[in-house]
Amino acid sequence: MSQRTAGYRLPTDWPTTEAEATAVQLSLRERVERYADESVEGPAVGTGTVVGVDVAYDDERDVVAAAAVALDGGTLEVLASATAVGRVAFPYVPGLLAFREIPAVLGALERLDRTPDLVVCDGYGLAHPRRFGLASHLGVLTGLPTIGVAKNPFTFRFEAPGPRRGDWSPLLDGGEEVGRALRTRDGVKPVFVSVGHRIGLAAACAHTLALARDYRLPESTRRADSLCREALRAG
DNA sequence: GCGACAG
DNA sequence: ATCTTGTCGC
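Because the structure is a prediction, the values reported are computed rather than measured.

Examining the nonpolar core
Core analysis: the largest hydrophobic core is formed by 37 residues, its most contacted members being Val53, Leu109, Leu112 and Leu138. Elements represented by at least two residues in this core include exactly helix H1 (18–28), strand E1 (49–58), strand E2 (63–72), strand E3 (78–87), helix H2 (97–111), strand E4 (118–121) and helix H3 (134–142). The greatest single-element share of this core, amounting to 8 residues, is contributed by H2. Not counting the four nearest positions on each side in its chain, Leu109 is found in contact with Tyr8, Val51, Val53, Ala68, Leu138 and Thr142.

Some points on unusual backbone geometry
Even without being glycine, Asp62 reaches a positive phi, approximately 65°. Within the secondary structure, Asp62 sits in the loop between E1 and E2. For Asp62, a relative accessible area of 34% puts it in the partly exposed group. In the Ramachandran plot, Phe154 falls in the positive-phi region, its phi being about 55° despite a non-glycine side chain. Its place among the elements puts Phe154 in the loop between strand E5 (146–150) and strand E6 (168–173).

Examining the UniProt feature "site: Interaction with target DNA" (unreviewed entry) in chain A
UniProt's feature table lists "site: Interaction with target DNA" (unreviewed entry) at Tyr92, given in the numbering used throughout. If you trace the backbone, Tyr92 turns up in the loop between E3 and H2. Excluding its chain neighbours within four sequence positions, the residues that come into contact with Tyr92 are Leu97 and Arg100.

Here we look at empty space enclosed by the protein
On inspection of all chains with the given rule, the structure shows 1 cavity of 30 Å³ or more. Forming the boundary of the largest cavity are Val53, Asp54, Val55, Glu101, Val105, Cys121, Asp122, Leu134 and Leu138. Every element with two or more residues in the lining of the largest cavity is listed here: E1, H2 and H3. For the lining of the largest cavity, the element with the most residues is E1, which contributes 3 residues. Of the residues belonging to the lining of the largest cavity, the class tally is 6 nonpolar, no polar and 3 charged.

Brief notes about the packing of aromatic side chains
With the rule as written, the count across this model stands at 6 aromatic pairs. A centroid spacing of 5.3 Å and a plane angle of 50° characterise the contact between Trp14 and Phe99, whose relative ring orientation is tilted. On the criterion of sequence distance, the pair formed by Trp14 in the segment before H1 and Phe99 in helix H2 is long-range, its members being 85 residues apart. On the basis of relative accessible area, Trp14 is assigned to the buried category, the value being 14%. Aromatic pair Phe154 and Phe156: ring centres 5.7 Å apart, planes at 80°, arrangement edge-to-face. For Phe156, a relative accessible area of 2% gives the class buried. Connected via pairs of aromatic rings, a cluster forms that spans Trp14, Phe90 and Phe99.

Regarding the protein's contact with DNA strand C
All residues adjacent to DNA strand C are Ala56, Tyr57, Lys151 and Arg229. Within the contact set of DNA strand C, a phosphate oxygen lies 3.2 Å away from a side-chain nitrogen or oxygen of Lys151. One of the side-chain nitrogen or oxygen atoms of Arg229 is found 3.3 Å away from a phosphate oxygen of DNA strand C. Residues of the surface near DNA strand C, tallied by class, amount to 2 nonpolar, no polar and 2 charged.

What counts as what
- Residues numbered from 1 in each chain as written.
- Chains lettered and ligands numbered in written order.
- Predicted model: local features only at pLDDT ≥ 70, side-chain atom pairs only at ≥ 80, totals over all residues.
- Heavy atoms only, no water.
- Core = buried A, V, L, I, M, F, W, Y, C linked by side-chain atoms within 4.5 Å.
- Buried < 20%, exposed > 50% of the residue type's maximum accessible area, 1.4 Å probe, protein only.
- Helix = DSSP H or I, 4+ residues; strand = E, 2+ residues; numbered from the N terminus.
- Contact = heavy atoms within 4.5 Å.
- UniProt positions renumbered as here; feature names shortened; annotations may be inferred.
- 1 Å grid on protein atoms, 1.4 Å probe; cavity = no way out; pocket = protein on both sides within 12 Å on 5 of 7 lines; lining within 4 Å.
- Points joined across faces, edges and corners; volume = space filled by probe spheres on them.
- Nonpolar A, V, L, I, M, F, W, Y, C, P; charged D, E, K, R; others polar.
- Phe/Tyr/Trp six-rings, centres within 6.5 Å; stacked < 30°, edge-to-face > 60°.
- Near = heavy atom within 4 Å.
- Polar contact = N/O pair within 3.5 Å; in protein donor to acceptor, adjacent residues only side chain to side chain.

Next up, the structure:
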């Protein structure tokens, strides 16, 4: 026992400075469960409940809105969704995105009446300056399997993958492979996949391809993106 | 010191 | 992230 029964909760000591935030990352990264790249452990592809999370901001009003959308991993149909609106908890600082997004994301997950088999984040996991991006952080705080699917290569390098859907190339930080540039649509620019918690890199890419069946981005993040924007207007 | 920099 | 219409192309 002890996966979670009482909901997700935000640590009471949420950082307010960059130094504190960085220290938290260095500490929590020890708690990430890493699987081998080709590991078949973790959530099965094409089944179960996949949850996409995303956040939208209105810096004018200092308001943030998050959304969590649960999809059927096989049909990609929406099963349930939830949103949370609050105050911006941290400024945007490259490498510290999690401190800005996670408070609101946990609120939305809390209100979601489903237990995710996998959570898909809009951003990075392992592919991070300190190997502890948004997806890694959310995974550690919730205990759930997580992956990060980003739209930009951040500070990393990569050779263009082949032109077809499914083609990929290593995403590199120096000589270390921290993720993959994965083509989800023929002839369209790739997305950048990295593992968060309790999943391997090949499985993370397989899930991404299954979710990005009709568009470049995973259906989970597309639904979460539109929903949090809608919630931002309303809230 | 300068430039780059997930969302 | 966000400011923002139409438009070229399959």
